[in-house]
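# Observations on chain architecture
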Number of protein chains: 2
Amino acid sequence: MRIVVDAMGSDNNPDPDVAGAVMAARKLKDTIILVGDSVLIKAALAKHDTNGLSLEIVHASQKISMEDKPSLIVREKRDSSMHVGINMIKNGNADAFVTVGNTGAALGVAMLRNTGLGRITGIKRPALGVIFPTPERPMLIDNGANADCKPEYLLQFAMMGSVYVERVLGIKKPRVALLSNGEEEGKGNVLIQETVPLLVNSNLNYIGNVEPKEFMQGEADVVVTDGFTGNIMMKTAEAVASYMSKMIRQYIKSSPRTAVGGLLARPAFDRVKSHLDPDEVGGAPLLGVNGVVIIGHGRSGAIAIMRAIEQARLVAEKNIVDAIATGIRREGKN
Amino acid sequence: MRIVVDAMGSDNNPDPDVAGAVMAARKLKDTIILVGDSVLIKAALAKHDTNGLSLEIVHASQKISMEDKPSLIVREKRDSSMHVGINMIKNGNADAFVTVGNTGAALGVAMLRNTGLGRITGIKRPALGVIFPTPERPMLIDNGANADCKPEYLLQFAMMGSVYVERVLGIKKPRVALLSNGEEEGKGNVLIQETVPLLVNSNLNYIGNVEPKEFMQGEADVVVTDGFTGNIMMKTAEAVASYMSKMIRQYIKSSPRTAVGGLLARPAFDRVKSHLDPDEVGGAPLLGVNGVVIIGHGRSGAIAIMRAIEQARLVAEKNIVDAIATGIRREGKN
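Residues numbered from 1 in each chain as written. Chains lettered and ligands numbered in written order. Predicted model: local features only at pLDDT ≥ 70, side-chain atom pairs only at ≥ 80, totals over all residues.

### Some thoughts on helix α6 (residues 151-168) of chain B
Counted only if it meets this: Helix numbers and strand numbers start at the N terminus; a helix is a DSSP run of H or I with at least 4 residues, a strand a run of E with at least 2. Every helix has an expected span of 1.5 Å times one less than the residues it contains. Each residue is classified by how many other C-beta atoms fall within 10 Å of its C-beta atom, where C-beta atoms are placed from the backbone; a count of 20 or more means buried, 12 or fewer means exposed, and values in between mean partly exposed.
Taking 1.5 Å per residue, 18 residues should reach 26 Å; α6 of chain B reaches 26 Å between its end C-alpha atoms and fits that length. The buried fraction of α6 of chain B is high, at 14 of 18 residues.

### Thoughts on unusual backbone geometry
Here Asn13 of chain B and Pro14 of chain B are connected by a cis peptide whose omega angle stands at 0 degrees. Looking at where Pro14 of chain B falls in the secondary structure, it is placed in the loop between β1 (2-6) and α1 (15-28). Going from Ile141 of chain B to Asp142 of chain B, the amide bond is cis rather than trans, its omega being 10 degrees. For Asp142 of chain B, the location among the structural elements is in the loop between β6 (139-141) and α6. In this structure, Arg137 of chain A takes a positive phi of about 55 degrees despite not being glycine. Look at Arg137 of chain A and you get partly exposed, because 15 C-beta atoms sit within 10 Å. Positive phi, normally seen in glycine, also occurs at Lys173 of chain B, with a value near 45 degrees. Relative to the helices and strands, Lys173 of chain B resides in the loop between α6 and β7 (175-179).

### Here's the deal with the sheet that holds strand β5 (residues 127-131) of chain A
Residue and element names in this part refer to chain A. This is how the line gets drawn: Should DSSP find at least two bridges between two strands, the strands are taken to pair. The axes are straight lines fitted to the C-alpha atoms, using for helices just the contacting stretch, and the angles between their N-to-C directions are given from 0 to 180°. Contact between two residues is assigned when their C-beta atoms, built from the backbone, lie within 7 Å.
Taking strand neighbours across the sheet as the criterion, the 11 strands line up as β3-β2-β1-β4-β11-β10-β5-β6-β9-β7-β8 in an open arrangement whose pairing is mixed. A strand with exactly one partner marks an edge of an open sheet, and here the two such strands are β3 (55-59) and β8 (205-210). Sheet twist, expressed as the average angle between the axes of neighbouring strands with direction ignored, equals 25 degrees. Here strand β4 (residues 96-99) pairs with strand β11 (residues 292-295) via four bridges, running parallel. Across the sheet, residue Thr99 finds its bridge partner in β11, namely Ile295. Packing of helix α5 (residues 103-111) onto the sheet brings it into contact with β4, β10 (284-287) and β11, and relative to β11 it is tilted by some 170 degrees. Running over the sheet, helix α9 (residues 227-252) touches β5, β6 (139-141) and β7 (175-179) and is turned about 140 degrees from β6.

### Digging into the relation of the copies chain A and chain B
How we decide: The copies were overlaid by least squares, fitting only the C-alpha atoms of residues that reach a pLDDT of 70 or more in each copy.
It takes a turn of 180 degrees to lay chain A on chain B, together with a shift of 0.0 Å along the axis; the resulting RMSD is 0.0 Å. The relationship between the two copies is best expressed as a two-fold rotation axis. Rotation axis and chain A: the residue whose C-alpha lies nearest the axis is Gly261 of chain A, separated from it by 1.8 Å. Of all interface residues in chain A, 98% are interface residues in chain B too; the two copies therefore contact each other through one and the same surface.

### What about the domain arrangement of chain A?
All names here are of chain A. Put simply, the rule reads: These domain limits were set by an automatic method or by a database of domain assignments. Three categories are distinguished: nonpolar for Ala, Val, Leu, Ile, Met, Phe, Trp, Tyr, Cys and Pro, charged for Asp, Glu, Lys and Arg, and polar for the others, with Gly belonging to the last.
When its domains are assigned, chain A resolves into domain 1 (1-123 + 288-318) and domain 2 (125-280). For domain 1 and domain 2, the distance between their C-alpha centres works out to 25 Å. Taken residue by residue, the interface counts 14 residues in domain 1 and 12 residues in domain 2. Only α5 and α11 (302-317) provide two or more residues apiece to the side of domain 1 that touches domain 2. Taken together, the residues of the side of domain 1 that touches domain 2 sort by class into eight nonpolar, four polar and two charged.

### What about the sheet that holds strand β8 (residues 205-210) of chain B?
Residue and element names in this part refer to chain B. If you walk across this open sheet you meet the 11 strands as β3-β2-β1-β4-β11-β10-β5-β6-β9-β7-β8, and the pairing is mixed. The strands lining the two open edges of the sheet, one partner per strand, are β3 (55-59) and β8. Here the strands of the sheet are splayed against their neighbours by 25 degrees on average, with no regard to which way each runs. Two elements, β1 and strand β2 (residues 31-36), share five bridges in a ladder whose sense is parallel. In the strand pairing of β2, Val4 is matched with Ile33. Seen against the sheet, helix α7 (residues 190-200) touches β7 and β8 and runs at an angle of roughly 165 degrees to β7.

### Overview of the interface of chain A and chain B
Listed per partner, the contact involves 45 residues of chain A and 44 residues of chain B. Sorting the residues of the side of chain A that touches chain B by element identifies α8 (212-216), α9 and α10 (256-275) of chain A as the ones contributing at least two each. Here the side of chain A that touches chain B takes 17 residues from α9 of chain A, the largest share from any one element. For the side of chain A that touches chain B, the class distribution of residues is 27 nonpolar, 12 polar and six charged.

Here it is, written out as structure tokens:
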């Protein structure tokens, strides 16, 4: 396996990106290719013992920032680490691409037909899946690639999510649900109501609709939503979790009694935190493009980046792209 | 002031509903009218000292359950406590109605033109506002009354939310924002993008778009969204907060050290909980109907119900219905 890592992705690039790549090279024994400013990458690599590891550097003269507009990036930063890295997958020079940079830019570059990967034949809209970190590990799809959706997109998201969860997480006949504002028939917006019959008539294991609480409890393995709602939902979950953590820390410090209590109870807090930390599960797979792309959080550290690389390896190994192509042909015959 | 309370609303009705009404009658010195099964209400009242309080009972032979379908309720339960209570407001026999029962049913009954309140002239869609319990007390509107929205509905939600926040919470020139998946221009779904120019050209203090994190931090006073997204967002916030509380309790109990720590740190937890407890701020005002309706959580206890009654009194006193009617006429002239 040859896995390309965007060395210029994280908020503190290239150090965490390079450190994650070194950890992954050691653990997986695969070749990890670091793409970006070769001078900076070499300097970052010099901080590690890379003896015996299979690490390569590919130079890219441009860097995409979190502030760059995806629409401009695609045209104006053609020698960015994302363009160069994704192009290596397209040309068969590597098996998977990992970035923790600008999500919109990664989507745009991956979807380019000439220099990027383009869509799998029959896929209307690629989507971002995200694994929720609670112990049941449910997937939410779409997490922000498509703000406006049609029922047939949601049907395809359901299929792609099922393929991922079945092959990568090993769940047989994944339970598929739509995210809705109530579980009863007749609830939901027009999009949800029109998607229900498509799922009922599909080959998927559609179990009905779920609300956010049931999603978190893992009552379905794949929960399908449009990218606007999905993005608001994941950002709300993150905001509430970090708000609560911050408030608990702050109030615990406000008296000696609670401060001692907080110190003693700390192992419990740390366990809870791990259940709501997206870094625990790697990045979000971009499903529906002609190649393996994993996109992580900009604030990822080395360990989160190593996990995203492990995940990318698994997705490549399990042939998710072929499985989605097969899935879409099967749906077409239905 | 005469405030009608649905005695059959809460999950454990009528005890919490009646207890909340008694507390409110004592605190506010207003007349509280309990509507529902008069035998059950009398039995519940007998548990309290009601000496000197102005409490009335109005009988209603039917009760709406949380499982009842709103569409059926409106036609088939015409003598429900909701129908009878809301009809008293319509006929000028009382100033405000409070229920913690089935939200969909309350919406449907309030919107009836003949026996209910109907819409304020010019209002396209009434909406549910909800005050988020963080210290900044931001309002999210709509919280679930309208799953599918048009830009002109969102403009009206913004106006109604501004009126409420200005009159009831006393915030001058409330900052209005749209809930979006990113703050930059060009983000958002089609609905959000098409609503932006309407807000820019309005008399409202529109400050741009916010993400869930900024909403929680109170960076805007009124955050506008469609009822589907709003409902998913509020339910996600509740689900994450209750998940975290549950996990912290569970893990704290798992060892003697953390158990002692938890006991000592308890006051800190209780303070954090109060920031994420919707009961702290009463119920959700239904804005845009011709009368005052406050809808609370089914799991409300007496204190939450008392708070909702206090809130209803304030909304009636501040003439929110007239202010919204004025607001809509002003928008029309714009």
